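Structural features, examined
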Amino acid sequence: MLGARRPGVTIALQMLEYRGLVHAKRGEITIVDRVGMIKLTNGAYGEEEQSHFGLASA
């Protein structure tokens, strides 16, 4: 669904786990540190995800 090779996704996910930003297990990824994700991505993560899940403040 992402259009990326599985090894690349696995490496990226491991990097995020190492930094303590997510927790992953088979079939499930949990964001542990949302603020850290936003900081790591220079704001690229956050706003769109909030609107998708109905969390954005209008």
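Residues numbered from 1 in each chain as written. Predicted model: local features only at pLDDT ≥ 70, side-chain atom pairs only at ≥ 80, totals over all residues. Heavy atoms only, no water.

1. Quick look at the overall build of the protein chain
When you go through the protein chain residue by residue, the secondary structure sums to three helices and two strands. Listing the helices and strands of the protein chain from first to last along the sequence gives α-β-β-α-α. The buried share of the protein chain, taken over its 58 residues, is 14%. Sequence-distant contacts in the protein chain: of pairs separated by 6 or more residues, those separated by 24 or more amount to 5%. If you sum the accessible surface of the protein chain, you get close to 5,100 Å²; carbon and sulfur atoms cover 56% of it. (Helix = DSSP H or I, 4+ residues; strand = E, 2+ residues; numbered from the N terminus. Buried < 20%, exposed > 50% of the residue type's maximum accessible area, 1.4 Å probe, protein only. Contact = heavy atoms within 4.5 Å. Areas by Shrake-Rupley, 256 points an atom, 1.4 Å probe, with all protein chains shown as cover.)

2. A word on the confidence of the model for the protein chain
Detailed reading of the predicted coordinates is not advisable wherever pLDDT is low. Across the protein chain, the average pLDDT comes to 81, with 76% of residues at 70 or higher. Element-level pLDDT for the protein chain is lowest in helix H3 (residues 47–52), with a mean of 66, against a maximum mean of 93 in strand E1 (residues 22–25). (pLDDT = per-residue confidence, 0-100.)

3. Some words on helix H1 (residues 6–18)
With 13 residues, H1 ought to run about 18 Å at 1.5 Å a step, and its terminal C-alpha atoms sit 18 Å apart, in line with that. One or two positions beyond H1, positive phi appears at Gly20, with a value near 80°. (Expected span 1.5 Å × (residues − 1).)

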